[in-house]
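Structural features, examined
The primary structure of each chain is shown beneath.
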Amino acid sequence: MTAWALRYRLYLLGLFFLFLIYCFCLPEKLFENSYSTVLEDRDGKLLGATIANDGQWRFPQGNPIPEKFKTALILFEDKRFYKHAGVDLRSLVRATRQNIKAQKIVSGGSTLTMQVIRLSRKGKSRSFFEKCIEIILATRLEWRYSKEEILSLYSAHAPFGGNVVGIEAACWRYFGRDASELSWSEAALLAVLPNNPSLIHPGRNREQLTAKRDRLLKRMREAGIIDELTFELSLSETIPENPLALPRSAFHLLAHSIKKGLAQTQVRSTLTQVMQERVSQIVAEHHRALKANQVFNAAALVMEVNTGRVLAYVGNTEAGHEHGEQVDVIQAPRSTGSILKPFLYAALLDEGKILPHTLQPDIPTLINGFSPKNFTKQHDGAVPADQALIRSLNIPAVYELRDFRYEKFYELLKNIQITTLNQPPDHYGLSLILGGAEGTLWDITGAYASMARTLNNFFTTPGKNRYDRNDFHSPRYLLTDSLQRINSEESSWISAASIYLTFNVLSEVYRPGEETGWRMFNSAKKIAWKTGTSHGLRDGWAVGVNAEYAVGVWVGNADGEGRPGLTGTESAAPIMFDIFSQLPGNSWFEEPRIELTEVETCTQSGMRSTEWCDKTEIRSIPYAGLQSAPCSYHRIVNLSSDGKFRVHANCERISNMKSVSWFVLPPVQEYYYKSKNLSYKPLPPFREDCTNPALVSTMDLIYPTPHAKIFIPKTLNGQLSSVILEAAHRQAGVSVFWHLDGTFLGMTKSTHRLVVTPDAGQHTLTLIDEQGNILQTSFSVVQGKTERE
């Protein structure tokens, strides 16, 4: 091989290595900056943003460059931008001539591509050597990116004064609006801003900055970009003063997005700016009234039913840092109160354990030390299940949960995406239905919307498999989330029929006995709604749903302080109804007739009728309801010929008996029921010559319940305190004789209450009425500490 050939090969090898260096000289990631987290509505309108970690307002690159800004920028900075390959030799020659003439650097001759390189190489000096590096990297940049992408890089990273970087941040900080809405004057101003560090803040050097803008506007007129009228109007626009604050209409959702791993990104949400602002305004208006009662916090969530998309997210009120305005209440676990009762009611219908109107006990109750109380502290004896739901009675709900089993209800809540049940079922027990567990407004509103979605989607899929259990999902606030149904199944967590019947119950406006204030909700729109109030008046809930929208509202104090009148009906429901009044449409749910059947039910008991039920009605029920028990309250009673006394075959001839159907409640239920239902007729007494054959219980204990453990504290002198024993008897005015451990205590008449002071230990209580009926039970007394201890 000759020396010439060797040198030629070395020359080619050198060129190859130089080419490799050139190919890899540009970093894979051009900018290593921190960015603001930006939240937008579904149409790209700004809802809020955080400042970047380095203290700059720097929005992530993404939105298209405004045409007006692009035109002004290219004319001002690089008029041959679309013609060169990263370097404009004519501009470099011109800049060199100007610098030599001025004997200092007065012009750089940099193209926009070279400026992108300089912006990415922060802190580099403006020397000849650095300029050469910029030229090389600029040509490599043109190889990697299109012209539009290079313009986008420049627009997103150019400095616009102070701590404002990028065209998007500049438009909001200086003009308070989106970049797409720029005027020609504003576009010209922003085009000249990054060019001169001495003019880089529009709040200063206003005359120089105005002159520079006007010169560019003149060039734009001369180039035929704008006409004379536009030019004159643009000159009359003033330079902005101090930077403006960015929108903060959904800053709690912005913070939630950051927690979910979306920091330093442009989050396109499902919210709508108009609805977000209107809901925020409604919450703020009610907040002004709530503050008078020392209630400082409120939150609201609005969703589309079919998509699960969030339309408005008001995480808290502007109550000040001292009152916890920074807390995102929508995501904060709070005691649920009664807000979960509709899910239990629907589940009971679904399994055929009750029919819509089945009577439920409403009496003083003590179950394994748990003693639920109604909000009103009153008892109705027995209440139809649907009325118990709309009146939000606690005691019937506890009996329903005991029948359904709290373990099953716990699993149901988990399946419908209640995510805050972090303890095993036994930890909550029967209190699960009364606020013994915590839930979030996010989960609960999502669960109500999921029920509505399941019912709506039942009609979208023909055939046998109409369900998709994935219809029960959490709310969606990212526009990129998939909306596609995944499966087709025969059943779901709750059937369409049970949901439909539950929503019909919840659409009842007339709700006497459920706290107060229901009269104000005579809305023209049909809404299924439920309220809840936690123990101690700490949380007020209201959730409503129709075929299109779900609205959830929480009211309370972020620190958990309870306040008088802080109930779901008085505090949260008015906000919910005001929000619904702003939503379009008024559609209601279709009836899933193929899952419903009509059955004759007893008007008084609400159960399937028997031959003994004298009043019946036809009701639509789920097919599972056909397995429910028949009426157990109506029975045949044998009366004397005059109908005044009960008799039986041992004391009266059968031919003289009159057999009639009678609605009979257990003694304790009857005791309370008859005071609220004047039409109720107690059983007639037995005739004197007829003894009670124990076909029907005549009396029952209200307190203590069988085998109860009673904790009685000691007084200051070390003696046990007293306890009130209470019983119910079917016959008014009858005398009852009380015995404790075989010792006579006393006699009661009409009102059967007796104050006793039993010793610690096991006891037997015996009651005997004047007709000889005997009731006996056992209980134990646990000795407590003294009040001083």
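All figures in this text were calculated on a predicted structure; none of them were measured in a lab.

Here we take up the overall build of the chain. Assigned secondary structure in the chain consists of 21 helices and 26 strands. Counting over 789 residues, the chain shows a buried share of 54%. Long-range contacts, defined here as pairs at least 24 residues apart, represent 67% of the contacts in the chain between residues at least 6 apart. For the chain, the exposed area adds up to about 36400 Å²; of that, 52% sits on carbon and sulfur atoms.

Summed over all chains, the structure comprises 16 aromatic pairs. Taken together, a centroid distance of 6.3 Å and an interplanar angle of 55 degrees make the contact between Phe69 and Phe160 tilted. Here the residue Phe69 occupies a position in helix H2 (residues 67-77), and Phe160 occupies one in the loop between helix H6 (147-157) and strand S4 (164-165), the gap between them amounting to 91 residues. Side by side, Phe69 and Phe160 carry an identical accessibility label, which is buried.

Take the sheet that holds strand S1 (residues 38-40) next. The pairing of strands in a sheet comes from backbone hydrogen bonds and takes either a parallel or an antiparallel form. Read from one edge of the open sheet, three strands run S2-S1-S5, paired in mixed fashion. Single-partner strands in this sheet number two, and they are strand S2 (46-49) and strand S5 (266-268). The average angle at which neighbouring strand axes cross in this sheet is 20 degrees, direction not considered. Each of S1, S2 and S5 touches helix H11 (residues 251-262); the most contacted strand, S1, lies at about 120 degrees to it.

A negative phi angle characterises most non-glycine residues, just as the trans form characterises most peptide bonds. Residue Tyr703 is joined to Pro704 through a cis peptide bond whose omega torsion reads 5 degrees. With respect to the helices and strands, Pro704 occurs in the loop between strand S19 (699-703) and strand S20 (708-714). In this model, Gln264 sits at a positive phi of 65 degrees, which is unusual for a non-glycine residue. In this structure, Gln264 sits in the loop between H11 and S5. Residue Gln264 is classed as partly exposed on the basis of its relative accessible area of 31%. In this model, Arg405 sits at a positive phi of 85 degrees, which is unusual for a non-glycine residue. In this structure, Arg405 sits in the loop between helix H15 (394-404) and helix H16 (406-415).

As a further point, take the pattern of salt bridges. Under the criterion given, the structure shown has 19 salt bridges. For the salt bridge of Glu228 with Arg221, the shortest nitrogen-to-oxygen distance reads 3.3 Å. Overall, the relative accessible area of 41% leaves Glu228 in the partly exposed class. With a relative accessible area of 26%, Arg221 lands in the partly exposed category. Taken together, the salt bridges that share partners define one network made up of Glu67, Lys70 and Glu148.

Overall, antiparallel pairing links the five strands, which are arranged S7-S6-S14-S13-S12 in an open sheet. Where the open sheet ends on each side, the last strands, each with one partner, are strand S7 (310-314) and strand S12 (528-533). Across this sheet, the average inter-strand angle for adjacent strands is 10 degrees, counted without regard to direction. Pairing between strand S6 (residues 297-304) and strand S14 (residues 549-556): eight bridges, direction antiparallel. Residue pairing in the sheet places Ala299 in a bridge with Trp554 of S14. Across the face of the sheet, helix H18 (residues 441-457) comes into contact with S6, S7, S12, strand S13 (539-545) and S14 while running at roughly 25 degrees to S6.

Take helix H12 (residues 273-290) next. Its 18 residues place the ends of H12 25 Å apart at the C-alpha level, agreeing with the 26 Å of an ideal helix rising 1.5 Å per residue. Of all the positions in H12, only Gln273, Met275, Gln276, Val279, Ile282, Val283, His286, His287 and Leu290 are classed as buried. Where the residues of H12 are buried, they touch S2, S6, S7, S14 and helix H20 (568-580).

This paragraph deals with the environment of Cys171. Residue placement: Cys171 occurs in helix H7 (residues 167-174). In contact with Cys171, not counting residues within four places along its chain, are Gly176, Arg177, Asp178, Ala179, Leu182 and Leu190.

There is a patch of like positive charges on the surface, built from Lys79, Lys83, Arg90, Arg94, Arg97 and Arg219. Here the positive patch takes three residues from helix H3 (residues 89-102), the largest share from any one element.

Attention shifts here to the packing of H18 against helix H19 (residues 496-506). Where H18 contacts H19, the axes come no closer than 9 Å and their chain directions differ by 120 degrees. By the angle between their axes, H18 is oblique relative to H19. At the point where H18 passes H19, the crossing takes the left-handed sense. Counted together, Tyr448, Met451, Ala452, Thr454 and Leu455 of H18 and Ala496, Ile499, Tyr500 and Phe503 of H19 form the full contact between these two elements. Along the lines of polarity and charge, the residues of the contact of H18 with H19 split into eight nonpolar, one polar and no charged.

Before going further, it helps to examine the pairing of S12. Strand residues, when the strand is regular, have side chains that alternate between the two faces of the sheet. Judged by how many residues are buried, S12 sits mostly within the fold: six of six residues are covered. In S12, alternate side chains face the same way, and those of Ala528, Lys530 and Gly532 on one face and Trp529, Thr531 and Thr533 on the other are all buried. Where S12 meets S13, six bridges bridge the pair, whose relative direction is antiparallel. In the strand pairing of S13, Thr533 is matched with Gly540. The antiparallel hairpin formed by S12 and S13 contains five residues in its connecting segment, where Gly536 sits at a positive phi of about 85 degrees.

Attention now moves to the confidence of the model for the chain. Per-residue pLDDT for the chain averages 85, and the proportion of residues at 70 or more is 88%. Least confident of the elements in the chain is helix H1 (residues 3-23), whose mean pLDDT is 66; most confident is S7, at 97.

To continue, consider the state of the cysteines. Across all of its chains, the model carries one disulfide by this definition. For Cys651, the disulfide goes to Cys690, at an S-S distance of 1.6 Å. Handedness of the Cys651-Cys690 disulfide follows from its S-S torsion of about 95 degrees: it is right-handed. Placement of Cys651 in the loop between strand S17 (634-639) and strand S18 (658-663) and of Cys690 in the loop between helix H21 (667-676) and S19 is noted, with a sequence separation of 39 residues between them. You'll find Cys651 and Cys690 in the same group, each marked buried. Considering cysteine sulfurs only, Cys613 is the nearest to Cys602, which forms no disulfide, with 3.5 Å between them.

With 80 residues, the main nonpolar core has Phe343, Phe409, Leu432, Ile433, Phe503 and Phe589 as its most contacted residues. Sorting elements by how many residues they give to this core places H18 first, with nine residues. Core analysis: the next-biggest nonpolar cluster, separate from the first, contains 55 residues, Met114, Ile117, Phe175 and Phe231 among them.

Definitions and cut-offs
Residue numbers here run from 1 along each chain, matching the order of that chain's written sequence. Where totals are concerned, whole chains, interfaces and linings use all residues; where local detail is concerned, this predicted model gives features only for residues with pLDDT of at least 70, and gives and counts side-chain atom pairs only at 80 or more. By convention in this description, side-chain values take in all heavy atoms of the structure and omit both hydrogens and water. Here a strand is any run of E in DSSP of at least two residues, a helix any run of H or I of at least four, and the numbering for each starts at the N terminus. A 1.4 Å probe rolled over the protein chains alone gives each residue an accessible area, and that area as a share of the maximum for its type sets the label: buried under 20%, exposed over 50%, partly exposed in between. By definition in these notes, contact holds between two residues if any of their heavy atoms fall within 4.5 Å. To be clear on the numbers: accessible area is Shrake-Rupley with a 1.4 Å probe, and residue cover counts the displayed protein chains and nothing else. The criterion for an aromatic pair is that two Phe, Tyr or Trp rings (for Trp, the six-membered ring) have centres within 6.5 Å, with stacked assigned to planes under 30 degrees apart, edge-to-face to planes over 60 apart and tilted to the rest. At least two DSSP bridges between two strands are needed for those strands to be called paired. Lines are fitted to the C-alpha atoms to define the axes, a helix being fitted only along its stretch in contact, and any angle between axes, read from their N-to-C directions, falls within 0 to 180 degrees. For salt bridges, the criterion is a side-chain nitrogen of Lys or Arg within 4 Å of an Asp or Glu carboxyl oxygen. What a helix is expected to span follows from its residue count: subtract one and scale by 1.5 Å. Two joining distances apply to patches: 9 Å for like charges and 5 Å for nonpolar side chains (Val, Leu, Ile, Met, Phe, Trp, Tyr), and every residue must have over 30% relative accessible area and no salt bridge. Positive: Lys, Arg. Negative: Asp, Glu. His and the chain ends are not part of the count. Where a charge lies is defined by one atom per residue type, namely NZ (Lys), CZ (Arg), CG (Asp) and CD (Glu). Each angle is binned into one of four classes, with values under 35 degrees roughly parallel, values over 145 roughly antiparallel, values of 65 to 115 roughly perpendicular, and all other values oblique. Two helices crossing with the near one rotated counterclockwise from the far one by less than a right angle form a left-handed crossing, whereas a clockwise rotation gives a right-handed crossing. Each residue gets one of three labels, nonpolar for Ala, Val, Leu, Ile, Met, Phe, Trp, Tyr, Cys and Pro, charged for Asp, Glu, Lys and Arg, and polar for the others, Gly among them. Summary of the metric used: pLDDT quantifies the predictor's per-residue confidence within the range 0 to 100. Counting rule for disulfides: a pair of cysteine sulfur atoms within 2.5 Å. Side-chain atoms within 4.5 Å link the members of a nonpolar core, which is a set of buried Ala, Val, Leu, Ile, Met, Phe, Trp, Tyr and Cys residues.

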